[in-house]
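One letter stands for each residue in the lines below.
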Amino acid sequence: MSVTPAVVLPRVGALIEGYQGPVIDERAVRIAAGLLLTLGLLAATAALAFGTTRPLQMFGMFFLLDMLTRLLVSDRLSITLALGRLASRSHFPRWVGAPQKAFAWWLAVGIATVSCVALGSGAIPLQGVLALCGVCFILLALEAIFGWCAGCHLHRRLSRHPTHHCADRSCNL
């Protein structure tokens, strides 16, 4: 009796025939980045208007939870990516490499963790927290508006493994 090996699905991305390694829909990722950017800017505006870090704390925790869900559970369960997929369902998917997106999201987890610790401890004033958030907002805007992913470019330069299926086609073999 032979045993058929089970197919193990990646946590980030999907295995699509004709693509080397797991891929993810760039359109859904960009929409998700735009949603996070919008929520973050609303939280920053509320923080400035009311002079409290509370809105940024709530956004930071949501952002961190969303990124950790993508990376540690499954990108299919991320709220923002689910909304991105829903919004882009009428378009043909634009598949890009999932490993570089996961790398970018780990960088986002690092920024969000530092921001949340700074917010929670009160170690830095609101302006310092807004500066940290500003870095994240700029990266989200570059992804959402221009399709340029800083993490993807860093992955291509720093990874020991070749990067495949870049959004800008710069890494295609």
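Nothing here was measured: the structure is a model prediction, and the numbers come from that model.

Caption draft 1: Spotlight on the packing of helix α2 (residues 54–73) against helix α5 (residues 126–146). Direction vectors running N to C along α2 and α5 enclose 40°, while the axes themselves pass 12 Å from each other. In terms of axis orientation, α2 runs oblique to α5. As α2 runs across α5, the sense of the crossing is left-handed. Residues L56, F59 and F63 of α2 touch α5, and the partners they reach there are L126, V129, L130, C133, C136, F137 and L140. Among the residues forming the contact of α2 with α5, the class breakdown is 10 nonpolar, no polar and no charged.

Caption draft 2: Examining the UniProt feature "domain: DUF4395" (unreviewed entry) in the protein more closely. According to UniProt, the feature "domain: DUF4395" (unreviewed entry) maps to residues 24–160 in the numbering used here. A helix fraction of 79% and a strand fraction of 4% characterise residues 24–160, whose end C-alpha atoms lie 21 Å from each other.

Caption draft 3: Molecular detail of the UniProt feature "transmembrane region" (unreviewed entry) in the protein. When the UniProt feature table is mapped to this numbering, "transmembrane region" (unreviewed entry) covers residues 31–50, 103–123 and 129–150. Note that residues 31–50 is 100% helix and 0% strand, and that its end C-alpha atoms are spaced 29 Å apart. Span residues 129–150 is 86% helix and 0% strand, its end C-alpha atoms 21 Å apart.

Caption draft 4: The arrangement of a nonpolar patch on the surface in detail. Together, V135, L139, I145, F146 and W148 make up a nonpolar patch on the protein surface, roughly 500 Å² of accessible area in all. Looking at where F146 falls in the secondary structure, it is placed in helix α5.

Caption draft 5: Focus on the nonpolar core. With 36 residues, the main nonpolar core has L56, F63, M67, W105 and L140 as its most contacted residues. Once residues within four sequence positions are removed from consideration, L140 is found in contact with A33, L36, L37 and F63.

Rules of the game
- Residues numbered from 1 in each chain as written.
- Predicted model: local features only at pLDDT ≥ 70, side-chain atom pairs only at ≥ 80, totals over all residues.
- Heavy atoms only, no water.
- Axes fitted to C-alpha atoms, helices over the stretch in contact; angles between N-to-C directions.
- Helix = DSSP H or I, 4+ residues; strand = E, 2+ residues; numbered from the N terminus.
- Parallel < 35°, antiparallel > 145°, perpendicular 65-115°, else oblique.
- Left-handed = near helix turned anticlockwise from the far one by under 90°.
- Contact = heavy atoms within 4.5 Å.
- Nonpolar A, V, L, I, M, F, W, Y, C, P; charged D, E, K, R; others polar.
- UniProt positions renumbered as here; feature names shortened; annotations may be inferred.
- Patch = residues over 30% accessible without salt bridge, like charges linked within 9 Å, V, L, I, M, F, W, Y side chains within 5 Å.
- Areas by Shrake-Rupley, 256 points an atom, 1.4 Å probe, with all protein chains shown as cover.
- Salt bridge = Lys/Arg side-chain N within 4 Å of Asp/Glu carboxyl O.
- Core = buried A, V, L, I, M, F, W, Y, C linked by side-chain atoms within 4.5 Å.
- Buried < 20%, exposed > 50% of the residue type's maximum accessible area, 1.4 Å probe, protein only.

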